[in-house]
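Chain residues, written in single-letter form:
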Amino acid sequence: MDALGTIEEIWRYPVSSLGGERLTSVELGADGIAGDRSWSVVDAATGQPAAPEKEERWRAAVFLQSRLTDNTPDIGFPDGTWLSVLDEGLCSKLSDHFGFDVAAWPYAKAGAELPDTRHVAVNRYEPSPLHLITTSALDHLSALVGTEKVQSKRFRPNIVLRTQGEADFREKAWLGKRLQLGSSVIHIGEETKRCGLTLIAQPDVSENPEILRSILRQNRRNFGVYASIETIGTISIGDRADLIDA
């Protein structure tokens, strides 16, 4: 096996479009990280899930955080308040934050585990079990943009690999191949198409249209890769990443 690097960051995003929680260790199940992107904030009148990459009214979503507590998501607000998605006061708090009526609904798969939840959200896209980027790609993009050190938070990855050598879009070479991460084996399926979420302002990150322009010009709008899980196992910060298929 060829060593590719080590796991530097592990993230879970219990509520889509919101910030997530950084983990030190987690099990990769058949569907990826349990609880990842299992809920959404939605327009309470229409059920439309948040789309901060497309609609200005949803951009406040990226200033909210999410975490799991006893397998149920909590949403964190800029004032430091955390409320469970099952809290009766959450809708009012969300609506105040966005300026229109907003609720939190589980996606259909999560909703099956919550029989007392009356509403389920319909995902706007088919989520991948795992999203991975490398520090080589982040460094390369930073050099292309030339105005900032590009942070991983712009791309909402599940895994960031610390890689060595030349700064480049390293992940492209792994398409169709298998990687050993900790005790898990993943299969790299396709590159990740990027959207407007990559350029908008977030906590501690300013708006920068050159992020998406550079990705579009230099890598056909791709940054990072999606993967499926072939072998269930545990991954931890510092674990080696090895290429199984040379």
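The sections below set out a description of the structure shown in this document. (Residues numbered from 1 in each chain as written. Predicted model: local features only at pLDDT ≥ 70, side-chain atom pairs only at ≥ 80, totals over all residues. Heavy atoms only, no water.)

Notes on the overall build of the protein
Applied cut-off: In this text, helices come from DSSP runs of H or I with a minimum length of four residues, and strands from runs of E with a minimum of two, each type numbered from the N-terminal end. Put simply, the radius of gyration uses C-alpha atoms, and a globule should come to 2.2 Å times the residue count raised to 0.38. In this scheme, a residue with accessible area under 20% of its type's maximum is buried, one over 50% is exposed, and one in between is partly exposed, where area comes from a 1.4 Å probe on protein chains only. Here a residue-residue contact requires only that any non-hydrogen atoms of the pair lie within 4.5 Å. Per-residue and other accessible areas follow the Shrake-Rupley method at a 1.4 Å probe size, with only the shown protein chains counted as cover for residues. Asp and Glu count as negative and Lys and Arg as positive, but His and the ends of the chain are not part of the count. Charge positions are represented by NZ for Lys, CZ for Arg, CG for Asp and CD for Glu.
Secondary structure assignment for the protein yields four helices and 16 strands. Taking 246 residues into account, the globule formula puts the C-alpha radius of gyration at 18 Å, and the protein, at 18 Å, falls close to it. The dimensions of the protein, computed from C-alpha atoms along their principal axes, are 50 × 40 × 30 Å. A buried classification covers 50% of the 246 residues belonging to the protein. Taking as baseline every contact in the protein between residues at least 6 positions apart, the subset at least 24 positions apart corresponds to 69%. Counting only carbon and sulfur atoms, one obtains 49% of the accessible surface of the protein, whose full area is about 11400 Å². Of the side-chain charges in the protein, 27 are positive and 35 negative, and the distance between the mean point of each set is 6 Å.

Some details on helix α4 (residues 210–219)
Under the convention used in this document: The directions considered for the arc are those from the helix axis to the C-beta atoms.
Residues Ile 211, Leu 212, Ser 214, Ile 215 and Asn 219 constitute the buried set of α4. The buried residues of α4 occupy one face: seen down the axis, they fall within an arc of 160 degrees. Across α4 from its buried face, at more than 90 degrees, point the exposed residues Leu 216 and Arg 217. Against α3 (135–145), β13 (184–193) and β14 (222–231) lie the buried residues of α4. Directly beyond the C-terminal end of α4, a positive phi value near 55 degrees is found at Arg 220.

Re the packing of aromatic side chains
Note the threshold: In this analysis, rings of Phe, Tyr and Trp, with Trp reduced to its six-membered ring, are considered paired at centre separations within 6.5 Å, and the interplanar angle assigns stacked below 30 degrees, edge-to-face beyond 60, and tilted for intermediate values. As a reminder, the over-ring test applies to NZ of lysine and CZ of arginine, requiring each to be within 6 Å of the ring centre and within 35 degrees of the ring normal.
Under the criterion given, the structure shown has six aromatic pairs. Between Phe 169 and Phe 223, the aromatic rings sit 6.1 Å apart at their centres with planes inclined by 85 degrees, giving edge-to-face as the arrangement. One end of the pair, Phe 169, is in the loop between β11 (159–162) and β12 (178–181); the other, Phe 223, is in strand β14, and 54 residues separate them in sequence. Its relative accessible area of 11% is what places Phe 169 among the buried residues. You can call Phe 223 buried: its relative accessible area is 1%. Geometry around Phe 100 places Arg 57 over its ring, the cationic atom sitting 4.6 Å from the centre.

Regarding α3
Every buried residue of α3 is accounted for by Thr 135, Ser 136, Ala 137, Leu 138, Leu 141, Ser 142 and Val 145. Against β1 (2–12), β10 (130–134), β11, α4 and β14 lie the buried residues of α3. Directly beyond the C-terminal end of α3, a positive phi value near 80 degrees is found at Gly 146.

Focus on the sheet that holds strand β7 (residues 72–76)
Within a beta sheet, neighbouring strands are joined by backbone hydrogen bonds and run either parallel or antiparallel to one another. Short version of the rule: In this scheme, strands are said to pair when DSSP sees at least two bridges between them. For helices, the fitted axis covers only the stretch in contact; all axes are lines through C-alpha atoms, and the angles between them, taken along N-to-C directions, range from 0 to 180 degrees.
Taken in spatial order, the three strands of this open sheet run β6-β7-β8, and their pairing is antiparallel. Of all the strands in the sheet, just β6 (65–69) and β8 (82–84) have a single pairing partner and so form its edges. The average undirected angle you get between the axes of adjacent strands in this sheet is 30 degrees. Relative to β8, β7 runs antiparallel, the two being bridged by three bridges. If you follow Ile 75 over to β8, its bridge partner there is Leu 83.

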